[in-house]
Amino acid sequence: GQDAAGGRRFGGKRFRTGRTMTEIRRLTVADLPAALELCNEIREHHRRLLGGYFAPLDYALEEENLKSFIADENKVAFAAAEEGRLAGLLTAAVKHSPWLENPDVCHVDTLVVGEAFRRRGIAGRLMDGLVSFCRERQLKEIKLGVFNDNRGAVEFYRKSGFVPQEQKMSLMLE
């Protein structure tokens, strides 16, 4: 079901980060302006990291993408809110791969914590919310992609229990 703010119901969880309380809950339509700013922050980080590989964020396109994570039953978007501000965002989608023994796999699309809120356990709490979501649906696997040069993210995912499974490679043509 959906709540009055346009997001699917989820029993939000609160935890203390230093002197403040942070709530992990489902993203709502009301969160979209702040969520878009977080998406822009991670896009610009990736643009710097990869030397402009990504185009600047198209806000209208990204807003439609985020709305799909709010509305689609096979997608999920978690928000970390602190003192009325959006501190972090995690989006993921369940995809069906019939050639696998456990064919339904959750794929993380985006995980971002705003620069002002980092190193306080928020990313781990967002991931905990996703793990609970997956367990409730009896999913057996969470997959994600991370750029090799994004060392902080690689380290976070390793500490969270993720292990490298495949290597994606790219050949840039002139």
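Conventions and cut-offs
Residues numbered from 1 in each chain as written. Predicted model: local features only at pLDDT ≥ 70, side-chain atom pairs only at ≥ 80, totals over all residues. Heavy atoms only, no water. Helix = DSSP H or I, 4+ residues; strand = E, 2+ residues; numbered from the N terminus. Buried < 20%, exposed > 50% of the residue type's maximum accessible area, 1.4 Å probe, protein only. Contact = heavy atoms within 4.5 Å. Phe/Tyr/Trp six-rings, centres within 6.5 Å; stacked < 30°, edge-to-face > 60°. Lys NZ or Arg CZ within 6 Å of the ring centre and 35° of its normal.

**Focus: the environment of Asn-148**
Right, on to step 1. Structurally, Asn-148 is set in the loop between β6 (142-143) and α4 (151-159).
Right, on to step 2. Residue Asn-148 is classed as exposed on the basis of its relative accessible area, which comes to 55%.
Right, on to step 3. As for Asn-148 and Gln-167, which are separated by 19 residues in sequence, their C-alpha atoms are 9.8 Å apart.
Right, on to step 4. Residues within four places of Asn-148 in sequence aside, it is in contact with Val-154 and Gln-167.

**Some points on unusual backbone geometry**
Right, on to step 1. Non-glycine residue Glu-83 carries a positive phi angle of around 50°.
Right, on to step 2. Tracing the chain through its elements places Glu-83 in the loop between β3 (75-82) and β4 (85-96).
Right, on to step 3. Note on Glu-83: relative accessible area 63%, which makes it exposed.
Right, on to step 4. The backbone of Arg-119 sits at a positive phi, close to 65°, despite the residue not being glycine.
Right, on to step 5. Tracing the sequence through the fold places Arg-119 in the loop between β5 (104-113) and α3 (122-136).
Right, on to step 6. What makes Arg-119 exposed here is its relative accessible area of 85%.

**Considering the packing of aromatic side chains**
Right, on to step 1. Taken as a whole, this structure holds 5 aromatic pairs when the rule is applied.
Right, on to step 2. Taking the centre distance of 6.4 Å and the plane angle of 85° together, the rings of Phe-78 and Phe-133 count as edge-to-face. Placement of Phe-78 in strand β3 and of Phe-133 in helix α3 is noted, with a sequence separation of 55 residues between them.
Right, on to step 3. By relative accessible area, which is 2% here, Phe-133 ends up buried.
Right, on to step 4. Taking NZ or CZ as reference, Lys-75 lies 4.8 Å from the ring centre of Phe-69, over its face.

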